[in-house]
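Chain by chain, the residues run as shown.
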Amino acid sequence: MFIYMFITTNMSAEIVVRSPGRVNLIGDHTDYTGGMVLPMAIDRYTTMAAQPLEAAIQLTSADQPDDLKCELPLVDPAATTPTWGRYVTGVAHQLQVTRGFSGSVSTTLPLGGGLSSSAALELSTALMLCQVNELPPPTSLELAQLCRFAEHLATGVPCGIMDQLTCASGVDGSALLIDCHSLQVSPIEIPHDVNIYVQFIAHRKLSSSAYSDRVIQCDQAEQHIGPLRLAEVSSVHNIADEILRRRAMHLVSENERVRRATVALALQDMTTFGKLMNESHKSLRDDFEVSTNQMDEAVRIAQQTPGVFGARMTGGGFGGCIVIVADSSANVDNLEGAMLVKPVSGAKLIN
Ligand code: GLA
């Protein structure tokens, strides 16, 4: 009897949280200038199971060789080792909590694959810490903002809010139109006869990529023509510097493509939607220069596959994944490793 009570008490103390990853259908590198994006949370998850622990975090990862062990409160999350633990300690630092947890984490997302495995880890950590510290449950937006700043602090990558907000506020069966200035999230239903695939191309790390350079270049372009989210193509031509002009051209045209793609999706006009995806890839490749030869080649093959409406690189680029939108009857066997993904609801407490 005593043993049974002991086991059930311990079992009930375990907290389980889970966050999906995301894929972006269209609208890349627009979020950090307050532009438009159209991503969706996907049915690949990071799951964390743990019990409360005073003044420390102890976390084992099924996908990493070294465990994370740190004391709370945290002083410098950017100094955490192993480095994967920085996403965890960044969140703990933002929340300024003293009660941590002991447990394990695992994921069905490819790590460093451009499907927001880091945002999913941050969100899971935030939900876990709120739970063990008995904090009021944060809204999706609060959760996303907290985790975005945790990532800035812990990794130095000046990311926008798209990944965290998508993983936090995903809606079953829908993509999310996000205005990254007003932070309004509007679900747009994905037709049932449309399949979405991601094809993994290569691992990448945004911290060692030219991502921050692009953020700086957009800032410089804004010094010439004002906020890029409001700019017209005609004013982009006034930028004398060729590189900055091309960067701005991507931003301004991409915001417009997201708006048009949203209308097309709502009207179930997948031909137009696909064309806009293809144009988006070209713009990211030629004007924003964040694609790679390997991604371009995979996109080219996907675009030529019968039944495929459109294909493009997705996320920050410099590697990662491509996204393919196809008719459900399309045969995609020629697209090596293409993985069917479904739009799902956002991060939550499971138990
Ligand atoms: C990464 C960042 C996002 C966004 C995308 C590009 O995923 O974390 O904030 O900027 O790149 O759209």
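Note that this is a predicted model, so its numbers are computed, not measured.

Cut-off values and rules
Residues numbered from 1 in each chain as written. Predicted model: local features only at pLDDT ≥ 70, side-chain atom pairs only at ≥ 80, totals over all residues. Heavy atoms only, no water. Helix = DSSP H or I, 4+ residues; strand = E, 2+ residues; numbered from the N terminus. Buried < 20%, exposed > 50% of the residue type's maximum accessible area, 1.4 Å probe, protein only. Contact = heavy atoms within 4.5 Å. Salt bridge = Lys/Arg side-chain N within 4 Å of Asp/Glu carboxyl O. Pairing = 2+ DSSP bridges. Axes fitted to C-alpha atoms, helices over the stretch in contact; angles between N-to-C directions. Parallel < 35°, antiparallel > 145°, perpendicular 65-115°, else oblique. Left-handed = near helix turned anticlockwise from the far one by under 90°.

Draft legend 1. Quick peek at the side chain of glutamine 217. Here glutamine 217 lies in helix α6 (residues 211-225). On the accessibility criterion, glutamine 217 (16% relative accessible area) is buried. Beyond its immediate chain neighbours, meaning those up to four positions away, glutamine 217 contacts Ile243, Leu244 and Arg247.

Draft legend 2. A look at the pattern of salt bridges. Scanning the model with the defined rule gives 12 salt bridges in all. In this structure, the salt-bridge partner of arginine 312 is aspartate 28, at a minimum N-O distance of 2.7 Å. Of this pair, arginine 312 sits in strand β9 (residues 308-314) while aspartate 28 sits in the loop between β1 (15-26) and β2 (36-54); the two residues are 284 residues apart in sequence, bridging distant segments of the chain. The class of aspartate 28 is buried, set by a relative accessible area of 1%. The structure contains a network of salt bridges with shared partners spanning Asp28, Glu254, Arg257 and Arg312.

Draft legend 3. Seen up close, the sheet that holds β9. The antiparallel open sheet is built from four strands, whose spatial order is β9-β10-β8-β11. Two strands close off the open sheet at either side, each with one partner strand: β9 and β11 (339-341). Adjacent strand axes in the sheet meet at a mean angle of 30° when their direction is disregarded. As paired strands, strand β8 (residues 194-202) and strand β10 (residues 320-327) are joined by eight bridges and run antiparallel to one another. By the bridge assignment, valine 198 is partnered in β10 with valine 323. Strands in contact with helix α9 (residues 270-286) are β8, β9 and β10; relative to β9, the strand with the most contacts, it is inclined by about 30°.

Draft legend 4. Looking closely at the packing of helix α2 (residues 86-95) against helix α3 (residues 117-132). It is the contact of α2 with α3, at a shortest axis distance of 9 Å, that shows an interaxial angle of 45°. Between α2 and α3, the crossing angle belongs to the class labelled oblique. Considering only the axes of α2 and α3, their crossing is right-handed. Here α2 contributes Tyr87, Val88, Val91, Ala92 and Leu95 to the contact with α3, which in turn contributes Ser118, Leu121, Glu122, Thr125, Ala126, Leu129 and Cys130.

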